[in-house]
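# A closer look at the structure
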Amino acid sequence: MSGKDLIFLTRSELLDAIRIDFEQYMPQLHLYTELYTGVTGGAARIDPDPEDFGIWVVPEGGLETFVPADEAGELVYAAIVEAELSAEELRGVAEKVFWGNVELGDGPDGEGEGYWIETGMEKFVCRECGICCFTLDHHCSCTDADIERWREHGREDILAWVGDVEQDGELLKRRLWVNPKTGLPAETCPWIEERADGGFSCGIHYIKPDVCREYPGSIKHAALTGCVSYRELEREYRKKDLVYATEKDEGVNADESGGEEKLK
Ligand code: SF4
Ligand code: SF4
């Protein structure tokens with residue numbers, strides 16, 4: 001696996017990562033049906049009618065039941081946990097979920113055996129279009145490292161856009177980006193700069209917040225959060241979900257024509 005971008009997760013961290021994967025993207029119906037069938041020994045299929053957005057599952061010896069798409073990830077995650085899979089079986093699940101090779105091995109810091117997951121990020125190509133700056137949620141908490149970085153650089157102008165969330169006078173967390181004049185969340189990131197070529201750049205690139213530094217975490221993350229470089233991959237993946245195919249293709253095509261104009 002040398003030369004590959006890898007992350008190591010313990011078994012419990014891997015299960016958490018699978019749960020988060022199911023929660024953070026639009027329902028991945030074909031993935032859910034495949035995993036459900038594999039881990040329970042039952043059967044599952046996507047309901048082909050987009051109006052009935054969901055999957056049908058048949059537990060071993062049970063009756064076929066319809067599960068709405070927004071509950072399907074939770075059901076399949078519970079099935080994975082309940083199945084008490086061996087390390088090797090869970091490795092196989094992880095490969096399907098994370099779109100890459102996963103190997104069992106000892107952790108780097110004496111964690112014992114866990115899972116080395118290829119993120120695919122060594123192949124990542126950023127077109128520096130800046131589209132993700134518009135599409136990703138930047139109203140998340142900012143990290144202590146962000147605050148420290150901006151203080152070190154004396155960037156009071158950036159710190160001014162950080163909102164404190166307090167309860168009973170106690171600081172709970174900090175949020176990006178809050179308009180210092182209105183006290184309201186900014187509609188778009190205030191540091192996006194339009195370039196002469198029509199693309200967009202980050203005005204604070206070298207000291208941007210961790211959430212931006214860490215995006216994307218993997219090729220799957222890029223593809224399923226609308227990264228321009230991986231739209232074709234997203235389209236191919238979503239085609240397998242049947243119910244997205246028509247609507248999604250139309251959406252992507254319409255979006256791409258607009259997006260591509262901007263990139264030129
Ligand atoms: S959308 Fe993708 S290609 Fe465009 S700037 Fe963001 S990460 Fe790079
Ligand atoms: S801080 Fe920079 S990288 Fe992050 S959303 Fe704003 S412009 Fe984009």
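Structure first, text after, so check above.
Residues numbered from 1 in each chain as written. Chains lettered and ligands numbered in written order. Predicted model: local features only at pLDDT ≥ 70, side-chain atom pairs only at ≥ 80, totals over all residues. Heavy atoms only, no water.

### Regarding helix 2 (residues 29-40)
- For helix 2, with 12 residues, the first-to-last C-alpha span of 16 Å sits near the 16 Å given by 1.5 Å per residue.
- Restricting attention to buried positions, one finds in helix 2 the residues Leu-29, His-30, Leu-31, Tyr-32, Thr-33, Leu-35, Tyr-36 and Val-39.
- Positioned one or two residues after helix 2, Gly-41 has a phi angle of 80°, which is positive. (Helix = DSSP H or I, 4+ residues; strand = E, 2+ residues; numbered from the N terminus. Expected span 1.5 Å × (residues − 1). Buried < 20%, exposed > 50% of the residue type's maximum accessible area, 1.4 Å probe, protein only.)

### Here we look at the pairing of strand 3 (residues 54-58)
- Relative to strand 3, strand 2 (residues 43-46) is paired through 4 bridges, and the arrangement is antiparallel. Considered in strand 3, the bridge of Arg-45 is made with Trp-56.
- Sheet topology places strand 3 next to strand 4 (residues 65-68); 4 bridges connect them, and they run antiparallel. If you follow Trp-56 over to strand 4, its bridge partner there is Phe-66.
- Here strand 3 folds back onto strand 4 in antiparallel fashion, the turn holding 6 residues, of which Gly-61 has a positive phi close to 75°. (Pairing = 2+ DSSP bridges.)

### Some thoughts on the site of ligand 1
- Taken together, Phe-124, Cys-126, Arg-127, Glu-128, Cys-129, Gly-130, Cys-132, Tyr-215, Cys-227, Val-228 and Ser-229 make up the full set of residues adjacent to ligand 1.
- Given that more than half its atoms are within 2 Å of the pocket grid, ligand 1 belongs to the largest pocket.
- Residue classes in the shell around ligand 1 are distributed as 7 nonpolar, 2 polar and 2 charged. (Near = heavy atom within 4 Å. 1 Å grid on protein atoms, 1.4 Å probe; cavity = no way out; pocket = protein on both sides within 12 Å on 5 of 7 lines; lining within 4 Å. Sits in = over half its atoms within 2 Å of the grid points. Nonpolar A, V, L, I, M, F, W, Y, C, P; charged D, E, K, R; others polar.)

### Comments concerning the pattern of salt bridges
- Summed over all chains, the structure comprises 15 salt bridges.
- Linking Glu-64 and Arg-45 is a salt bridge whose minimum nitrogen-to-oxygen distance equals 3.1 Å. Remark: Arg-45 occurs in strand 2 and Glu-64 occurs in the loop between strand 3 and strand 4; sequence separation between them is 19 residues.
- Notably, a salt bridge pairs Asp-157 with Arg-155, separated by 2.9 Å at the nearest N-O pair.
- Under the relative-accessibility criterion, Arg-155 is labelled partly exposed at 24%.
- Salt bridges linked by common partners bring Asp-16, Arg-19 and Glu-23 together as one network. (Salt bridge = Lys/Arg side-chain N within 4 Å of Asp/Glu carboxyl O.)

### Focus: the sheet that holds strand 5 (residues 102-106)
- A sheet is described by the order of its strands in space; here 3 strands give the open sequence 1-6-5, paired in antiparallel fashion. Of all strands in the sheet, those bounded by a partner on one side alone are strand 1 (6-9) and strand 5. Pairwise comparison of adjacent strand axes, ignoring direction, gives a mean angle of 30° for this sheet.
- Bridge count for strand 1 against strand 6 (residues 113-118) is 4 bridges, and the pairing is antiparallel. Paired with Leu-6 across the bridge in strand 6 is Glu-118.
- Sheet strands in contact with helix 1 (residues 11-24) are strand 1 and strand 6, and its direction is about 115° off that of strand 1.
- Its contacts with the sheet put helix 4 (residues 87-98) on strand 5 and strand 6, and the angle it makes with strand 5 is roughly 135°. (Axes fitted to C-alpha atoms, helices over the stretch in contact; angles between N-to-C directions. Contact = heavy atoms within 4.5 Å.)

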